[in-house]
Amino acid sequence: MKAAVLKKFGDPLVWEEVPTPEPGPEEVRLQVMACGTDGTDLKMVQGFGYTPVLPFIIGHEITGVVDAVGSRVTDWQPGARAIAYNFFPCGRCRHCLTHREQICQNMAGVMGARVKHGGYAEYLCLPARQVVAIPAHVSWPDAAVIPDAVITALHGVDRARLQLNETVLIFGAGGVGSSAIQIAKMRGARVAAVDRSADKVRRALEMGADAAWNSCDSDSVQLARDFSQGFGVDCVIDVVGVEQTMAAGIEALRPGGRLVVIGYTPEVYGLNGKRLAQNELEIIGTRAGRFQDLIDSVEVVAGGRFKSIVTDLFPMEEVNRAMDALRAGEILGRAVLLTPAGRKTMEVQ
Ligand SMILES: [Zn+2]
C-alpha cells in the first residue's frame, strides 16, 4: 500500500510504498477512504505535542470500508462503512470502567499520534471494538471529521453541562469551534463565537451562532457582557487555549460560571486566582471524547441538521500541500485528504 510517512520531524511527509498491514484475530482492516488533517498533525510534523518513534504514519480522523476481518471477529463484515475510535484503552482501569476511555491510565496508544499508525495511508488495522458504523448518506469527508472535530465538540459541550437558554462564548471558530457552535445550539444554548479571522467570524454566523465578532478589533469581555445582559456568560468554551483567550474567558464569566478548556499550546501561564475563588468559577478540562460520544457524534452528523464543517478536499498524495494551507491559515473549517479509492467512490456517489 501507499502511505504518507513522517520520517524526520520538520521534513515534509513522504508518499511511498509500505507493507500492507494484516489484521490480528480481533482486528479489522479498513481500506481508508478519507482522513482529516488538523493542528495536532501540524504540531506532530514539527516535533511538538505527540512525538512518536519514526518512521510513523500520522492521521487521526479516519473513515473507510472494512476490507478484512480477523478470525475471532463476528460482528463486522467486509464492505461495511466505518469510522475509527482513536484511543486504545485497557478496558480495566478506573477510568475505563467508568466510561472515560480517553483518559485511560494504561493507554496502549493513540491512533496516528502515539504507537499506533494512523490514517494517512491506504489501509490500517485496529481492534474491531474500536470501530463504529456510519450510514450510507454521510459522505466520506463528513464521516472523516467525526472522530476528532465533532467528538471533541460534543464531549466539550457535555462537559460544559449547558442548560436551556444559557449563554456560551466560544473562542475559535474553525473545525472544532464550528461543531461546538452547532451542538451548543442543538442543546438550547445562546451562542457567541470569537475568532481572529473575519472569514471564520462570518462562518460562525452561518453555523448558527447568535453573535460573533473578531477578537482583533473588539473587546471580547465587554461584548460577552453585552451578550448576557451585563451578567457575564454562563460558560466559555476555549478551543484556542492561549493566555489571552483563557484570561478573557475568566473575565467574561458570570459568578459561578464554567470555563471549558479544549485547546492548548506549549505555553504555561498564570491565572487570576482571586477572581476564580471569589466568584466560584469552575475550570473544566476536556479531551476528545468517550467511545459513547463517538456513537452520539455519528447520530448528530447523520441527523440532517448538522452543517458540514469540511471546507477543503485534497488528494492524500498531496498531503504536504494541505498542511501548508493549514499552516498558512487558509483552511476555514476542516481539510480532508481523500485516498485514490476514496476519490473513486465519491465519483460514483
Ligand atoms: Zn483503562
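Residues numbered from 1 in each chain as written. Predicted model: local features only at pLDDT ≥ 70, side-chain atom pairs only at ≥ 80, totals over all residues. Heavy atoms only, no water.

Turning our attention to the overall build of the protein. When its secondary structure is counted, the protein shows 12 helices and 15 strands. Its C-alpha atoms give the protein a radius of gyration of 20 Å, near enough to 20 Å, the size a compact globule of 349 residues would have. Seen through its C-alpha atoms, the protein measures out along the principal axes to roughly 60 × 40 × 40 Å. Taking contacts inside the protein between residues at least 6 apart in sequence as the whole, the part at least 24 apart equals 68%. (Helix = DSSP H or I, 4+ residues; strand = E, 2+ residues; numbered from the N terminus. Rg over C-alpha atoms; globule rule 2.2 N^0.38 Å. Contact = heavy atoms within 4.5 Å.)

With that settled, consider the nonpolar core. One finds Leu 13, Ile 58, Tyr 120, Val 168 and Ile 237 to be the most contacted residues of the largest nonpolar core, which totals 105 residues. Each of domain 1 (2-145 + 309-348) and domain 2 (153-285) contributes no fewer than three residues to this core. Core analysis: the second largest hydrophobic core is formed by 19 residues, Leu 169, Val 194, Ala 211 and Val 236 among them. (Core = buried A, V, L, I, M, F, W, Y, C linked by side-chain atoms within 4.5 Å. Buried < 20%, exposed > 50% of the residue type's maximum accessible area, 1.4 Å probe, protein only. Domains from an automatic or database assignment.)

Moving on to the domain arrangement of the protein. Looking at the assigned domains, one finds that the protein contains domain 1 (2-145 + 309-348) and domain 2 (153-285). Facing the 9 residues of domain 1 at the interface are 15 residues of domain 2. Roughly 850 Å² of surface becomes buried between domain 1 and domain 2 when both sides are summed, with 54% attributable to carbon and sulfur atoms. On the domain 1 side of the interface with domain 2, the three residues burying the most area are Lys 43, Ile 309 and Leu 332, jointly 58% of the side's total. The interface formed by domain 1 and domain 2 holds 0 salt bridges in total. Here domain 1 and domain 2 share 2 residue pairs in polar contact (both at pLDDT 80 or more) between them. Per-class residue counts for the side of domain 1 that touches domain 2 are 3 nonpolar, 3 polar and 3 charged. (Buried area = accessible area lost by both parts, 1.4 Å probe. Salt bridge = Lys/Arg side-chain N within 4 Å of Asp/Glu carboxyl O. Polar contact = N/O pair within 3.5 Å; in protein donor to acceptor, adjacent residues only side chain to side chain. Nonpolar A, V, L, I, M, F, W, Y, C, P; charged D, E, K, R; others polar.)

Attention shifts here to the packing of helix H4 (residues 146-159) against helix H5 (residues 175-186). Contact geometry of H4 with H5 gives a least axis separation of 8 Å together with a crossing angle of 45 degrees. Between H4 and H5, the angle is such that the two are oblique. The handedness of the crossing between H4 and H5 comes out as right-handed. Between H4 and H5, the contacting residues are Ala 149, Val 150, Thr 152, Ala 153, Leu 154 and Val 157 on the first element and Gly 175, Val 176, Ser 179, Ala 180, Ile 183 and Ala 184 on the second. Looking at the contact of H4 with H5 residue by residue, the class counts come to 9 nonpolar, 3 polar and no charged. (Axes fitted to C-alpha atoms, helices over the stretch in contact; angles between N-to-C directions. Parallel < 35°, antiparallel > 145°, perpendicular 65-115°, else oblique. Left-handed = near helix turned anticlockwise from the far one by under 90°.)

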